[in-house]
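Structure at a glance
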Amino acid sequence: MPVFQSEQELYDVLGRFFEKVAETDESKELIASTELSPGYDAYVQYIFHKPEAKITWTHENGKLKIVCGETALRPELIFEQTADVGHKFWLGKLDLQQALARQQIKVQGPLVNALKVLPQLDAIYPAYRDYLQEIGRSDLLP
C-alpha cells in the first residue's frame, strides 16, 4: 500500500513540509547563492507517481516559493520518482547517488546543481521526521 493515498494527501504532507523548509535560513541562503540559468524560472520540480503529483520550487520576491500541482514554470532540475521513494528520501533513508544509479530517482537537468545542495539536506532529514510527528502523522514514520 502506498504511503500517500492521494495527490491531496501528498500535497498536505510533503507540500506543506517544503513550505516550512522554504522559511528556514538555510533555504534563504541557498536562494541567495543560486542563480537560475537563462530560460528557467524554477529551481526544481519533483514529479511523483503513485499518486501522481508535482511540487515545484521557484522564487518570489527573493524567497523560495512552493507550487503544488500543474504549473507553466520551467524548472532547471526535475526529479521523477514514486511518492514512496520521495518519502523515503526526505526521511534520510535513501542515498541520492544510489537511488540515481538504481533508477529509483530519474533526473533531468544539471545534476551537479543537485549534488551541490546535498550537504544542506542533512539538516532537513530530521526536520521531516519532526514535522510528521508535529502534524500527527507518526504513522508515516518507519
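A short tour of the structure in this document, coming up. (Residues numbered from 1 in each chain as written. Predicted model: local features only at pLDDT ≥ 70, side-chain atom pairs only at ≥ 80, totals over all residues. Heavy atoms only, no water.)

Re helix α6 (residues 118–134)
- Compared with an ideal rise of 1.5 Å per residue, which puts 17 residues at 24 Å, α6 spans 25 Å between its outermost C-alpha atoms and is within 8% of the ideal.
- At Ile124, α6 shows its strongest bend, of approximately 30°, with the proline Pro126 following within four residues.
- Residues of α6 that are buried: Leu121, Ile124, Tyr125, Tyr128, Tyr131 and Leu132.
- Close packing links the buried residues of α6 with α1 (7–22) and α3 (83–90).
- Downstream of α6 by a residue or two, Gly136 has a phi angle that is positive, lying close to 75°. (Helix = DSSP H or I, 4+ residues; strand = E, 2+ residues; numbered from the N terminus. Expected span 1.5 Å × (residues − 1). Bend = angle between axes of the 7 residues up to and from the residue. Buried < 20%, exposed > 50% of the residue type's maximum accessible area, 1.4 Å probe, protein only. Contact = heavy atoms within 4.5 Å.)

What to know about the environment of Asp41
- Secondary-structure assignment places Asp41 in the loop between α2 (25–33) and β1 (42–49).
- Assessed through its relative accessible area of 23%, Asp41 is described here as partly exposed.
- Considering only alpha carbons, one finds Asp41 and Arg74, 33 residues apart in sequence, at a separation of 5.4 Å.
- Excluding its chain neighbours within four sequence positions, the residues that come into contact with Asp41 are Leu36, Thr58, His59, Leu73 and Arg74.
- Separated by 2.5 Å, the side chain of Asp41 and the backbone nitrogen of Arg74 make a polar contact. (Polar contact = N/O pair within 3.5 Å; in protein donor to acceptor, adjacent residues only side chain to side chain.)

Remarks on the environment of Thr71
- You can see Thr71 is positioned in the loop between β3 (63–68) and β4 (75–82).
- On the accessibility criterion, Thr71 (27% relative accessible area) is partly exposed.
- For Thr71, the side chain forms a polar contact with the main-chain nitrogen of Leu73, separated by 3.2 Å.

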